[in-house]
Amino acid sequence: MKKKFFIILLFVFLLSVMGFSKKIELMFWTHEDPNRKEIELRYIEEFQKIYPDVEIKRVEYSSTKIQELILTAFAAKQGPDIFNMSIEDEYAYIVNGRVSPVDYKAAGYKNKDDLLNSYMEGMLDPVTFDDEVYGLPLEITNWCIFINKKVFRDAGLDPEKDYPKTWEDIISLSQKIAIKDGEIVKRRGFDFRYPYYLVEMLPLVEQLGGKLISDDGKEVIVNDEAWLKFLDYMAEFGPSGLNLGSPTSTAARKVFNKDNNDIAMCSSGLYQIARIKAENPDFYNSKEWMVVPFPKFENAKKDVPAKYYGHYYMVNSQKPKKNQEMAWKFVSFMLSHPEEYLEKVAIIQPKKELLESFLFKSYPYSDVFLKDLEKAEVVFYQANSAKIQKHMEEAVQSVMFGTKTSKEALEILKRKVEESYKEGLDMIY
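Things to note about the sheet that holds strand 13 (residues 289–292)
At step 1: Taken in spatial order, the 5 strands make up an open sheet running 8-9-12-7-13, and their pairing is mixed. Each edge of the open sheet carries a strand with a single partner, namely strand 8 (179–181) and strand 13. Averaged over all pairs of adjacent strands, the angle between strand axes in this sheet comes to 30°, irrespective of strand direction.
At step 2: Pairing between strand 8 and strand 9 (residues 184–191): 3 bridges, direction antiparallel.

Below, the structure is given as structure tokens:
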């Protein structure tokens, strides 16, 4: 009997030991970037050597696909331990309690103030809720205009003098640069980043004096005149107007790097420079490209550059506490290399130490991006900001493809945004 009891105790002990020695598995989902993938896979190897009881699996998706997959995964309680998206898509996960506050100690900070003091002022505001910080920024990004000098010259333009200062310039230059085969556009002057209406297109409305939400939060789609002018501009630019660009065309920033004489201008962030260097070193080294500030309308009422947005690493609150703690340790470990992220990936972690460094100040066109960033506001984020961006997409595309007039599109947009905005407020309050 004693022997049987001893065997049972031994068996229980062995099971407990096996349980305690079991590896902590962290699933890490992020968006595609070949330059970032290279260094982050190395960070994973280094971290696993420090913590041999941890196994990290990095999975990447396109920046648009990850939004859908994260939503589906969390609904099924199968979300990854760590993920990052743009803040306008992530904020709902904070207010709905799907992500955990930063574990300051695990992340290497004494407390919340110590964390805040490490970053540029306001950079953690978008992930602060109920006095807790819920994310750490992989990058803060704003967009300027990239120009292919060769395409300008091929169209009889001087890129140093004729680069666009206004949105009216964008249209007139695009008309001169465009090459068409019937209705098919073979060479574009410029095209917009269509999935990112809140980042790139809302500033055009604000330049004209409009707003998405009033300052007191009581009115949506403020100043119909400004919104109608914006929608008219997009209708003129699109396939049913001058046919200069389209949401159905290959993304302009992807085409730009190839230097195939098929696009002259695109809007993108500092990271585009690293991608040009990696994808087309001959083009990068040719110096036949340049970066200029975000345009504004000739009669703009306000100087509004592209919004800045942040990709913040967040940790799944549905995971065990030991996973959450280790996840914050790993996130902090990756983010402890801000200079390498800048050198290899050309993304800006808004840490004071980086922005004050010689490396940042000497990086190509960093001054252009920084000047616009200093004037920029963070992209609109709210519990339903992803829905609101979708409504904007529907309105813009309806006028570009000629299925709605600007007035009709505005009426629908106003109704839908009001519904989604109120629904988003209800999620919080």
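Side note on the environment of H337
At step 1: Looking at the secondary structure, you find H337 in the loop between helix 14 (321–334) and helix 15 (338–345).
At step 2: C-alpha of H337 to C-alpha of Y51: the two residues are 286 residues apart in sequence and 18 Å apart in space.
At step 3: Polar side-chain contacts of H337 include one of 3.3 Å to the side chain of S336.

What about the packing of aromatic side chains?
At step 1: Scanning the model with the defined rule gives 30 aromatic pairs in all.
At step 2: Centre to centre, the rings of Y91 and Y381 are 4.9 Å apart; their planes meet at 65°, and the pair counts as edge-to-face. Of this pair, Y91 sits in helix 4 (residues 87–95) while Y381 is found in the loop between helix 18 (366–375) and helix 19 (385–400), placing the two residues 290 residues apart along the sequence.
At step 3: A relative accessible area of 9% means that Y91 is categorised as buried.
At step 4: Between the aromatic rings of W227 and F230, the centroid separation amounts to 6.3 Å while the plane-to-plane angle is 85°, which identifies the pairing as edge-to-face. Of this pair, W227 and F230 both sit in helix 10 (residues 224–237), 3 residues apart, which is roughly one turn of the helix. Like F230, W227 is buried.
At step 5: Three or more aromatic residues joined by ring pairs form one cluster here, namely F28, Y43, F47, Y51, Y313, F330, F333 and Y341.
At step 6: Positioned above the aromatic ring of Y163 is the side chain of K165, whose terminal nitrogen or guanidinium carbon lies 4.1 Å from the ring centre.
At step 7: Positioned above the aromatic ring of Y284, the side-chain terminus of K287 is 5.4 Å from the ring centre.

Regarding the sheet that holds strand 6 (residues 136–141)
At step 1: The 5 strands lie next to each other as 2-1-3-14-6, forming an open sheet whose pairing is mixed. The two strands at the open ends of the sheet, each matched to only one other strand, are strand 2 (54–61) and strand 6. Going from strand to strand, the sheet's axes swing by 15° on average, the running direction of each strand aside.
At step 2: Both strand 3 (residues 82–86) and strand 14 (residues 309–315) contribute to a ladder of 5 bridges, which runs antiparallel. Bridged to N84 within strand 14 is Y313.
At step 3: Where helix 2 (residues 34–50) meets the sheet, its contacts fall on strand 1 (24–31), strand 2, strand 6 and strand 14, and the angle it forms with strand 2 comes to roughly 170°.

What to know about the packing of helix 2 against helix 15
The relative placement of two packed helices comes down to the angle between their axes together with the axis-to-axis distance.
At step 1: Helix 15 packs onto helix 2 with a crossing angle of 145° between their chain directions and a minimal axis gap of 9 Å. Classified by chirality, the crossing of helix 15 by helix 2 is right-handed. Residues N35, R36, I39, E40, R42 and Y43 of helix 2 pack against E340, Y341, K344 and V345 of helix 15.
At step 2: Partitioning the contact of helix 2 with helix 15 into residue classes produces 4 nonpolar, 1 polar and 5 charged.

Considerations on the confidence of the model for the chain
At step 1: Averaged over every residue, the pLDDT of the chain is 93; residues scoring 70 or more account for 94%.
At step 2: Counting interchain partners and residues more than four positions distant, the pLDDT-below-50 stretch residues 8–20 has 0 contacts.

Comments concerning the side chain of S398
At step 1: Residue placement: S398 occurs in helix 19.
At step 2: For S398, a relative accessible area of 10% corresponds to the buried category.
At step 3: There is a polar contact of 2.7 Å between the side chain of S398 and the backbone oxygen of A395.

A few points about the nonpolar core
At step 1: Counting 116 residues, the largest nonpolar core has F192, L212, W227, F230, M234 and M265 as its most contacted members.
At step 2: Once residues lying within four places of it in the same chain are set aside, the contact partners of F192 are W167, E200, M201, L204, Y233, M234 and F237.
At step 3: L270, F283, L354 and L359 belong to the second largest nonpolar core, which has 25 residues in total.

Brief notes about the pairing of strand 14
Successive side chains on a regular strand alternate, one facing one side of the sheet and the next facing the other.
At step 1: Counting buried residues in strand 14 gives 7 out of 7 residues, a clear majority hidden from the surface.
At step 2: Burial along strand 14 is two-sided: Y309, H311, Y313 and V315 and G310, Y312 and M314, pointing in opposite directions, are all buried.
At step 3: Here strand 6 pairs with strand 14 via 5 bridges, running antiparallel. When the sheet's bridge partners are listed, L136 is paired in strand 14 with Y313.

Thresholds applied
- Residues numbered from 1 in each chain as written.
- Predicted model: local features only at pLDDT ≥ 70, side-chain atom pairs only at ≥ 80, totals over all residues.
- Heavy atoms only, no water.
- Pairing = 2+ DSSP bridges.
- Helix = DSSP H or I, 4+ residues; strand = E, 2+ residues; numbered from the N terminus.
- Axes fitted to C-alpha atoms, helices over the stretch in contact; angles between N-to-C directions.
- Polar contact = N/O pair within 3.5 Å; in protein donor to acceptor, adjacent residues only side chain to side chain.
- Phe/Tyr/Trp six-rings, centres within 6.5 Å; stacked < 30°, edge-to-face > 60°.
- Buried < 20%, exposed > 50% of the residue type's maximum accessible area, 1.4 Å probe, protein only.
- Lys NZ or Arg CZ within 6 Å of the ring centre and 35° of its normal.
- Contact = heavy atoms within 4.5 Å.
- Left-handed = near helix turned anticlockwise from the far one by under 90°.
- Nonpolar A, V, L, I, M, F, W, Y, C, P; charged D, E, K, R; others polar.
- pLDDT = per-residue confidence, 0-100.
- Core = buried A, V, L, I, M, F, W, Y, C linked by side-chain atoms within 4.5 Å.

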